[in-house]
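# Structural features, examined
Residues per chain, in single letters:
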Amino acid sequence: MSSAVDLAPKTSFQGLILTLQRFWAAQGCVILQPYDMEVGAGTFHPATTLRALGPKPWKAAYVQPSRRPKDGRYGENPNRLQHYYQFQVILKPNPPNLQELYLASLDAIGVDLKLHDIRFVEDDWESPTLGAWGLGWECWCDGMEVSQFTYFQQVAGFECSPVAGELTYGLERLAMYVQGVENVYDLNFNGAEGDDKVTYGDVFLQAEQEYSRHNFEAADTTMLFRQFTDAEKACRTYLDAGAPASETERHKMAQPAYDQCIKASHVFNLLDARGVISVTERQSYILRVRELAKACGAAWLKTAGGGAA
Amino acid sequence: MPDLLLELRSEEIPARMQRRAAEDLRKLVTDALVERGFLYEGAKAFATPRRLALHVAGLPARGQDVREERKGPRVGAPDGAVQGFLKSAGLASLDQATIVTDPKKGEFYVAVIERPGRSTLDVLAEILPAIIKSFPWPKSMRWGKASAQPGALRWVRPLQSIVATFGPETETPDLVPFAVDGIVAGTTTYGHRFLAPEAIEVRRFDDYVPALERAKVVLDADRRKDIILHDARDLAFARGLELVEDDGLLEEVAGLVEWPVVLMGSFDAAFLDIPAEAIRATIRANQKCFVLREPGAECLAPAFVLVSNLIASDGGLAITAGNERVVRARLSDAKFFWETDKAIKLQDRLPKLDSIVFHEKLGTQGERVQRIAALARELAPLVGADPDLAERAARLAKADLVTEMVGEFPELQGLMGRKYATLEGEHPSVAAAIEEHYKPVGPSDRVPTDPVSVAVALADKLDTLVGFWAIDEKPTGSKDPYALRRAALGVIRLILDEEARLRLMPIIVGRMALVQAVTKVDGHDAEVAETSPGLQSDKVKQDVRKGVSSDLLAFFADRLKVYLRDQGARHDLIDAVFALPGQDDLLMVVRRVEALGKFLETDDGRNLLAGYKRAANILRIEEKKDGRSYEAAPDASLAARGEPEERALSDALASARQAASTAVEREDFAGAMQALSSLRAPVDAFFEKVTVNAEDPALRENRLALLNALRAATREVADFSRIEG
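All residue numbers refer to positions counted from 1 along the written sequence of the respective chain. All chains are assigned letters beginning at A, and all ligands numbers beginning at 1, according to the order in which they are written. Only residues with pLDDT of at least 70 are given local features in this predicted model, and only at 80 or more are side-chain atom pairs given and counted; all residues enter the totals for whole chains, interfaces and linings. Calculated side-chain values reflect all of the structure's heavy atoms, with hydrogen atoms and water omitted.

Bringing the confidence of the model for chain B into the picture now. Residues and elements named next belong to chain B. When pLDDT is averaged along chain B, the result is 90; 97% of the residues meet or exceed 70. Note that residues 520-535 has pLDDT below 50 and, in this model, 21 contacts with residues that lie over four places away or in other chains. Of the two predicted TM-score estimates for the complex, the pTM is 0.78 and the ipTM is 0.94. Confidence of the predictor at the level of single residues is captured by pLDDT, which takes values from 0 to 100. Only heavy atoms enter the contact rule, under which two residues are in contact if any of them lie within 4.5 Å.

All names here are of chain B. Angles here are taken between N-to-C directions and fall from 0 to 180 degrees, while the axes themselves are lines fitted to C-alpha atoms, restricted in helices to the stretch in contact. Helical segments are the DSSP runs of H or I of at least four residues, strand segments are the runs of E of at least two, and each set is numbered from the N terminus. With their axes 10 Å apart at the nearest point, helix 24 (residues 644-665) and helix 27 (residues 697-714) run at an angle of 30° to one another. If you check the angle between helix 24 and helix 27, you find them roughly parallel. The hand of the helix 24/helix 27 crossing is left-handed. From helix 24, Glu646, Ser650, Leu653 and Arg657 reach across to helix 27, where they touch Leu699, Arg703, Leu706, Ala709, Leu710, Ala712 and Ala713. Amino acids outside the nonpolar list (Ala, Val, Leu, Ile, Met, Phe, Trp, Tyr, Cys, Pro) and the charged list (Asp, Glu, Lys, Arg) are all regarded as polar, and Gly is one of them. Its residues assigned to classes, the contact of helix 24 with helix 27 comprises seven nonpolar, one polar and three charged. In these notes the angle categories are as follows: under 35 degrees is roughly parallel, over 145 is roughly antiparallel, 65 to 115 is roughly perpendicular, and the rest is oblique. The hand of a helix crossing depends on one turn: near helix anticlockwise from the far one by less than a right angle means left-handed, and clockwise means right-handed.

All names here are of chain A. A pair of Phe, Tyr and Trp rings is counted when the ring centres sit within 6.5 Å of each other, with Trp represented by its six-membered ring. The angle between the planes then sorts it: under 30 degrees is stacked, over 60 is edge-to-face, the rest tilted. Under the criterion given, the structure shown has 35 aromatic pairs over all chains. Judged by centre distance (4.9 Å) and plane angle (45°), the ring pair of Tyr200 and Phe204 falls under tilted. Of the two residues, Tyr200 and Phe204 are both situated in helix 5 (residues 200-218); the distance of four residues between them amounts to about one turn of the helix. For every residue, the accessible area (1.4 Å probe, protein chains only) is compared with the maximum for its type, and the residue is labelled buried under 20%, exposed over 50%, or partly exposed between those bounds. By relative accessible area, which is 0% here, Tyr200 ends up buried. The rings of Phe87, Tyr102, Phe120, Trp137, Phe149, Tyr151 and Tyr169 are connected pair by pair, giving a single aromatic cluster. As a reminder, the over-ring test applies to NZ of lysine and CZ of arginine, requiring each to be within 6 Å of the ring centre and within 35 degrees of the ring normal. Geometry around Trp58 places Arg51 over its ring, the cationic atom sitting 4.2 Å from the centre.

As a further point, take the state of the cysteines. Residues and elements named next belong to chain A. The rule for a disulfide is simple: a pair of cysteine sulfur atoms within 2.5 Å. Counted by the stated rule, this structure contains zero disulfides over all chains. Between Cys29, a free cysteine, and Cys139, which holds the nearest cysteine sulfur, the sulfur-to-sulfur gap is 16 Å. On the accessibility criterion, Cys29 (7% relative accessible area) is buried. Cys139 provides the cysteine sulfur closest to Cys141, a residue in no disulfide bond, and the two sulfurs are 10 Å apart.

Moving on, we come to the domain arrangement of chain A. Residue and element names in this part refer to chain A. The start and end points of each domain follow an automatic or database-based domain assignment. For chain A, the assigned domains read domain 1 (13-215) and domain 2 (220-300). Here the C-alpha centre of domain 2 lies 25 Å away from the C-alpha centre of domain 1. The interface of domain 1 with domain 2 comprises 22 residues on the first partner and 21 residues on the second. Note on terms: buried area is the combined drop in 1.4 Å-probe accessible area of two parts once they are placed together, counting the loss on both. Summing both partners gives a buried area of about 2100 Å² for domain 1 against domain 2, and 70% of it is carried by carbon and sulfur. What counts as a salt bridge is simple: a side-chain nitrogen of Lys or Arg found within 4 Å of a carboxyl oxygen of Asp or Glu. Across the domain 1-domain 2 interface, the total number found is one salt bridge. Taking the shortest distance from any N to any O, the salt bridge between Lys70 and Asp272 comes out at 3.3 Å. We define a polar contact as two N or O atoms separated by no more than 3.5 Å, with the added condition that, inside protein, one atom must be a possible hydrogen donor and the other a possible acceptor, whereas residues neighbouring each other in sequence contribute only through side-chain atom pairs. Between domain 1 and domain 2 we count eight residue pairs in polar contact (both at pLDDT 80 or more) in total. Looking at the side of domain 1 that touches domain 2, the elements that each hand over two or more residues are helix 2 (46-49) and helix 5. The residue makeup of the side of domain 1 that touches domain 2, split by class, is 12 nonpolar, six polar and four charged.

Turning our attention to the interface of chain B and chain A. Contacts between chain B and chain A engage 45 residues on the former and 43 residues on the latter. Here chain B and chain A share an interface that buries about 3500 Å² over both sides, 49% of which is from carbon and sulfur atoms. Of all residues in chain B, B:Arg142, B:Phe194 and B:Arg325 give up the largest surface area on contact with chain A, accounting jointly for 19% of the area buried on that side. For the pair chain B and chain A, the number of links is seven salt bridges.

This part is about the pattern of salt bridges. Residues and elements named next belong to chain B. Using the criterion set out here, one finds 73 salt bridges over all chains in the structure. The shortest N-O distance in the salt bridge between Glu622 and Lys625 comes to 3.2 Å. Here Glu622 and its partner Lys625 are both found in helix 22 (residues 603-626), three residues apart, which amounts to about one turn of the helix. Looking at Glu622, the relative accessible area reads 5%, which means it is buried. The exposure class assigned to Lys625 is exposed, which follows from its relative accessible area of 59%. Where Glu646 meets Arg703, a salt bridge forms, and the shortest distance between an N and an O atom there is 2.9 Å. With Glu646 in helix 24 and Arg703 in helix 27, this pair connects stretches of sequence that are 57 residues apart.

A separate point is the domain arrangement of chain B. Looking at the assigned domains, one finds that chain B contains domain 1 (3-61 + 119-214), domain 2 (66-115), domain 3 (221-342), domain 4 (347-568) and domain 5 (589-722). If you average the C-alpha positions of domain 1 of chain B and of domain 2 of chain B, the two centres end up 47 Å apart.

What follows concerns helix 2 (residues 79-89) of chain B. All names here are of chain B. All buried positions along helix 2 are accounted for by Val82, Phe85, Leu86 and Ala89. Angularly, the buried residues of helix 2 cover 100° about the axis, an arc narrow enough to put them on a single face. Exposed residues on helix 2 whose side chains face more than 90 degrees from its buried face are Gly80 and Lys87. As for helix 2, its buried residues are in contact with strand 4 (66-74) and strand 6 (106-115). Note on helix 2: the residue one or two positions beyond its end, Gly90, has a positive phi of about 75°. What the arc measures is the spread of directions leading from the helix axis to the C-beta atoms.

Here it is, written out as structure tokens:
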């Protein structure tokens with residue numbers, strides 16, 4: 001028999017995740033699993049990017065592993081990771097009490113609102129690669145940014161109608177805060193103590209070291225350049241292949257095309273981390289991904305999910 | 001007199017927008033009232049993170065009644081005229097009109113139309129929703145279900161509720177009846193989000209403010225600032241420390257809280273190895289906290305002041321501990337940057353500048369550094385700097401842009417460069433110039449005095465100006481994205497403060513050629529090439545360069561005028577000096593303007609100016625009449641044949657002009673003016689005794705030539721035609 005595990009958010013990383021999932025499930029969200037592709041942020045998940053478009057109501061929450069190749073620190077920095085978890089909530093249209101719901105979720109994970117100073121500090125969100133922007137805040141708890149709160153105004157170049165509210169919790173940071181830990185690798189992952197205790201470092205330290213090496217030193221740039229072009233091409237091909245033949249028909253392949261857009265974006269991030277993209281080229285790569293995102297958004301709006309008749 | 005209370009409660013308004021928004025609200029509402037004839041006694045607007053509020057005091061309950069008498073047709077006029085009158089005056093029959101008797105015109109109808117003034121409440125119900133719908137937020141958004149509708153309300157963040165009441169002090173005020181996008185104006189608001197979550201009923205401003213205060217909201221931003229500042233000073237004092245005051249930060253934090261609670265935290269003294277400016281930058285930018293110092297000392301204390309929005313049940317222990325954790329993490333980052341940066345010499349960072357684009361048409365930072373270094377070397381002797389040091393400083397001046405620290409805190413550019421250069425053992429003047437070459441940043445910023453700093457600061461700004469002029473990105477109207485006006489003012493202040501002697505034109509023309517060599521797209525040359533492909537000769541290029549350079553010099557003249565006018569100089573005198581050819585030595589221009597100003601304050605100066613004006617007038621009239629100009633030198637022998645005063649003037653002119661010219665060459669402008677002042681008596685005597693339009697055409701012509709010689713003599717010092725008065 002294993003020793004008792006404590007799944008309170010204050011004692012385990014997974015307890016924090018489970019609590020957030022339960023909280024948002026109770027609000028009527030579908031609890032999804034991470035998207036099965038490499039993305040830079042939870043926003044890239046089609047459950048946010050694509051579902052934010054079109055008139056249909058949508059409520060979802062999920063954990064999304066996020067990859068930021070440039071943020072790798074070979075496991076040596078207590079706060080920075082090239083792979084980390086975001087907890088993403090999207091509510092379309094945003095309910096009028098979204099701020100209160102957010103605060104209730106903090107309470108649920110053990111942040112006592114009588115004890116801690118929660119603040120909404122201006123932070124307008126923009127994703128140049130997704131052609132998306134919104135207004136909102138970074139949410140501070142005692143001076144630490146623990147979440148992003150955004151009212152999407154535009155995604156993939158299209159006005160959001162209605163507007164969706166997006167919450168992104170930085171899980172590691174939040175967990176460090178509630179567990180009172182200074183180093184991310186010291187986080188208790190599973191809530192067990194003694195021999196059974198598994199830390200964040202047990203799970204991810206080696207990966208951080210290996211991927212930092214990969215991202216900065218080894219990633220095969222010839223292959224990556226090729227993959228970028230291939231993904232870009234494939235995205236266009238699938239969009240063309242699924243395109244409706246007439247005004248009354250729907251698009252038939254918006255999501256597979258969008259996968260290629262995600263792929264191109266991640267490949268670009270890797271190339272950027274390898275330092276093989278010059279400042280001027282950088283802008284043009286971002287624009288190329290944005291064009292894909294826009295085309296995919298346009299295609300999505302012609303599907304049932306996008307609200308097409 | 002009744003008052004208006006308006007509150008627009010929303011989700012958190014960005015701190016930087018609050019003050020402006022409150023002011024906009026006040027102005028929009030009061031302007032709309034005044035426009036409709038409603039005067040008020042006073043108006044004040046307020047902002048907190050969660051609300052804009054407006055109090056307009058002393059409004060009338062209703063507008064003025066309007067009484068109008070409209071004259072109609074005479075009694076017994078044809079029916080058509082009567083009907084037309086009834087219709088236009090809005091009367092049902094002639095019974096409603098009065099009959100007036102006039103001795104001349106007999107009896108006629110008059111309609112008395114009385115329009116009662118509109119009730120203020122109605123007018124407010126009309127004005128307020130319109131203002132809310134078109135409120136000028138710098139950035140606004142849609143939200144919620146309503147956002148799917150076209151024309152949905154936009155606000156800075158979701159608008160939650162509206163309070164709008166109107167009425168006198170003594171009675172229960174009326175609700176202003178309106179709704180915007182489904183939000184109905186009412187009398188309910190809420191206090192502090194955490195400390196007083198219950199609803200509050202408000203009636204008027206006088207009970208609104210104390211009700212909010214009880215609900216832990218300080219409505220007035222200036223009061224919140226005051227509380228923060230005093231509490232912060234007290235806390236610091238109690239620990240034997242001194243607050244490093246920071247107005248910008250104070251304004252910002254006052255916009256982040258409704259109920260300020262000031263707390264103090266500390267950090268490990270080991271972090272004090274990091275440069276104080278970097279500590280302050282990170283604590284300020286990332287944590288919005290104030291730093292502290294030992295009293296009377298420059299060095300920081302290992303403590304900070306934070307402003308929270310909560311009276312916490314544990315007295316703020318958890319909040320302080322949380323902030324300390326974040327500050328610790330931030331300072332660890334800063335320390336890491338500082339240590340990492342020190343491991344690479346500035347010199348070794350230079351190649352990296354070659355891959356940083358300064359401006360897409362102006363090449364890389366690396367190319368720019370090359371140009372600035374060359375120019376700094378060239379300018380060094382003119383400002384008394386060692387050319388080697390100036391060049392060295394210019395080469396290293398931008399290297400800190402690729403350090404971690406400046407990457408993280410761009411506002412530390414220059415300063416970090418200086419620190420690293422000092423540690424690397426660079427010459428103190430080189431290290432100082434790395435920091436100071438950005439100076440002066442504004443009209444009140446300090447002008448560097450070390451000659452090396454002056455040389456690099458001038459080179460940096462001149463290169464920027466020439467570059468943007470070469471690609472035709474000049475400031476227009478209120479748009480000056482590259483701060484070129486500031487750069488030009490910087491050059492002016494550097495030159496004048498340092499009393500540096502330099503001719504701008506050759507420098508500008510020379511730089512223009514260098515910049516054009518790297519510009520990716522040269523607008524001017526491209527144009528020439530398009531219209532006449534065969535003509536892009538060196539000559540044409542040179543002409544284009546000259547044209548653009550003259551334009552830039554004119555910009556300097558313009559900025560100098562603004563600068564001197566602010567110092568109290570007469571703009572017409574500056575014009576009078578700039579109207580002379582070749583005025584590109586700013587120090588000499590200013591000296592000349594000063595001398596001219598003093599001269600014109602003397603009797604001699606004033607009289608000479610009057611004499612000049614008289615001569616110029618006569619010449620203008622006669623030259624126009626004769627269709628020719630009188631530019632030939634006067635003939636001394638002819639003058640000798642005429643009146644003695646004529647002879648005297650002729651002699652005086654010749655010697656005064658010569659003396660003025662020599663003095664100008666010596667840069668003795670006061671001397672030149674002195675020389676001209678000797679003309680006063682002969683000029684006065686000439687006009688008194690001599691008739692210019694003599695019978696003898698030869699004499700007349702010579703007298704006109706004399707007047708022209710006076711005009712020419714004054715041009716030795718300035719173009720008197722530009723001087724007013």
